[in-house]
Structure formats: structure tokens, C-alpha cells
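Below are the chains, spelled out letter by letter.
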Amino acid sequence: QVQLVESGGGLVQPGGSLRLSCAASGSIFSIYAMRWYRQAPGKQRELVASITSGGFANYGDSLKGRFTISRDIAKNTVYLQMNSLKPESPAVYYCNVEGILGGALADLDSWGQGTQITISS
């Protein structure tokens, strides 16, 4: 069993910054990639950023330059630094981890519970 615990969401003013964290714990053999998604009410979940075990990062089209994803391999933790936040609909940010479970070496594809971000003055 793998658990993902997200933190760092909340209310922020336009132009402000937030840093999200997602820590994975449990029986993990290895992690291929860690990702952040977001979902606004009435919209599909979209990829915000991803980072591989080798450190290769990828971002959603409109986010590169303002958002930075990073990870601490030893802590199985991924971070999302968000700067110059724009006023937009509230969204829930979800962490996703893909890899291999410990023990039976089965596929790992786990999601966090989500953390709400609201950008408003």
C-alpha cells in the first residue's frame, strides 16, 4: 500500500507564489515518474508538470517558466513551485506517482487526495 500526502495549497493573491509538496510512503520499489495534475470545476484533469527518475521535467503548455517541478529521491517527494500565479478558477491539484511496488513488484500508479488552490485578491 502506498500513500501520497500533499500539502501547500491554499489561498494566494494574483502574482503570488505557492509551493506544493507530495510525499510518497509505503512499499515502493522504484519510481519512474512523479506528476502534478490539476482539475477545475467542470473541466477535465490536466497535466501541470512531470519529472522522471532521471530528472527530466515536462510542463503544460502555458506553465513553463512560471512553474518548476523538482523531486527529492531519498524522500520520495515531489515539489511544485508556482510563481506569478494568475487569477483563474479554483482548482484542485493532484499528485501522481508511477513506478513499481515493493514485494510483488507490481505496477504502482497512485494518486494523492488533492489540495485546493484558489487565486484571488
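Look above for the structure.
None of these values were measured; they are calculated from a predicted model.

J.: Explain the overall build of the chain to me, please; I cannot follow it from the model alone.
T.: Check the secondary structure of the chain and you find zero helices and 11 strands. N-terminal to C-terminal, the α/β element order of the chain is β-β-β-β-β-β-β-β-β-β-β. In terms of overall dimensions, the chain is globule-like: its C-alpha atoms have a radius of gyration of 14 Å, near the 14 Å expected for 121 residues. Projected onto its principal axes, the C-alpha positions of the chain cover 50 × 25 × 25 Å. Here the chain holds 121 residues, and 43% of them are scored as buried. For the chain, long-range pairs separated by at least 24 residues make up 55% of all intrachain contacts whose partners lie at least 6 apart in sequence. Accessible area of the chain: about 6500 Å², with a carbon and sulfur share of 48%. Considering the chain, the positive charge centre built from 10 side chains and the negative charge centre built from 8 side chains are found 8 Å apart.

J.: Is there a simple way to explain the side chain of Thr-77 in this structure?
T.: Tracing the chain through its elements places Thr-77 in strand β8 (residues 77-82). Of the polar contacts made by the side chain of Thr-77, one reaches the backbone oxygen of Lys-75; its length is 2.9 Å. Contact partners of Thr-77, with chain neighbours within four places excluded, come to Cys-22, Ala-23, Met-34, Ser-70, Arg-71 and Asp-72.

J.: Where do I start with the packing of aromatic side chains in this structure?
T.: Given two aromatic rings, their pairing is described by the distance between the two centres and the angle made by the two planes. Considering all chains together, one arrives at one aromatic pair under this definition. One Lys or Arg, Arg-45, reaches over the ring of Tyr-94 and ends 3.8 Å from the middle of that ring. Positioned above the aromatic ring of Trp-111 is the side chain of Arg-45, whose terminal nitrogen or guanidinium carbon lies 4.8 Å from the ring centre.

J.: How should I be thinking about the pattern of salt bridges in this particular structure?
T.: With the rule as written, the count across this model stands at two salt bridges. Linking Arg-35 and Glu-98 is a salt bridge whose minimum nitrogen-to-oxygen distance equals 2.6 Å. Of this pair, Arg-35 sits in strand β4 (residues 28-39) while Glu-98 sits in strand β9 (residues 88-101), placing them 63 residues apart in sequence. On the basis of relative accessibility, which here comes to 18%, the residue Arg-35 falls in the buried class. Measuring nitrogen to oxygen at the nearest pair gives 2.6 Å for the salt bridge that ties Glu-46 to Arg-38.

J.: Help me understand the sheet that holds β8, please; the structure alone is not making it clear to me.
T.: Sheet strands associate in pairs through backbone hydrogen bonding, adopting either a parallel or an antiparallel arrangement. Here we have four strands laid out as an open sheet, ordered β1-β3-β8-β7, and antiparallel in their pairing. A strand with exactly one partner marks an edge of an open sheet, and here the two such strands are β1 (2-7) and β7 (67-72). Here the strands of the sheet are splayed against their neighbours by 15° on average, with no regard to which way each runs. Taken together, the six bridges between strand β3 (residues 18-26) and β8 define a ladder with antiparallel strand orientation. Opposite Arg-19, over in β8, you have Gln-81 as the bridge partner.

J.: I keep staring at the state of the cysteines and nothing clicks. Help me out?
T.: One way to say it: the disulfide is the covalent bond shared by the sulfur atoms of two cysteines. Within the structure shown, the criterion is met by one disulfide. In this model Cys-22 forms its disulfide with Cys-95; the gap between the sulfur atoms is 2.1 Å. Since a negative S-S torsion denotes a left-handed disulfide, the Cys-22-Cys-95 link at about -80° is left-handed. You can see Cys-22 sitting in strand β3 and its partner Cys-95 sitting in strand β9, a full 73 residues away along the chain.

Here is what the cut-offs are and how they apply
- Residues numbered from 1 in each chain as written.
- Predicted model: local features only at pLDDT ≥ 70, side-chain atom pairs only at ≥ 80, totals over all residues.
- Heavy atoms only, no water.
- Helix = DSSP H or I, 4+ residues; strand = E, 2+ residues; numbered from the N terminus.
- Rg over C-alpha atoms; globule rule 2.2 N^0.38 Å.
- Buried < 20%, exposed > 50% of the residue type's maximum accessible area, 1.4 Å probe, protein only.
- Contact = heavy atoms within 4.5 Å.
- Areas by Shrake-Rupley, 256 points an atom, 1.4 Å probe, with all protein chains shown as cover.
- Lys, Arg positive; Asp, Glu negative; His and termini not counted.
- Charge placed at Lys NZ, Arg CZ, Asp CG, Glu CD.
- Polar contact = N/O pair within 3.5 Å; in protein donor to acceptor, adjacent residues only side chain to side chain.
- Phe/Tyr/Trp six-rings, centres within 6.5 Å; stacked < 30°, edge-to-face > 60°.
- Lys NZ or Arg CZ within 6 Å of the ring centre and 35° of its normal.
- Salt bridge = Lys/Arg side-chain N within 4 Å of Asp/Glu carboxyl O.
- Pairing = 2+ DSSP bridges.
- Axes fitted to C-alpha atoms, helices over the stretch in contact; angles between N-to-C directions.
- Disulfide = S-S within 2.5 Å.

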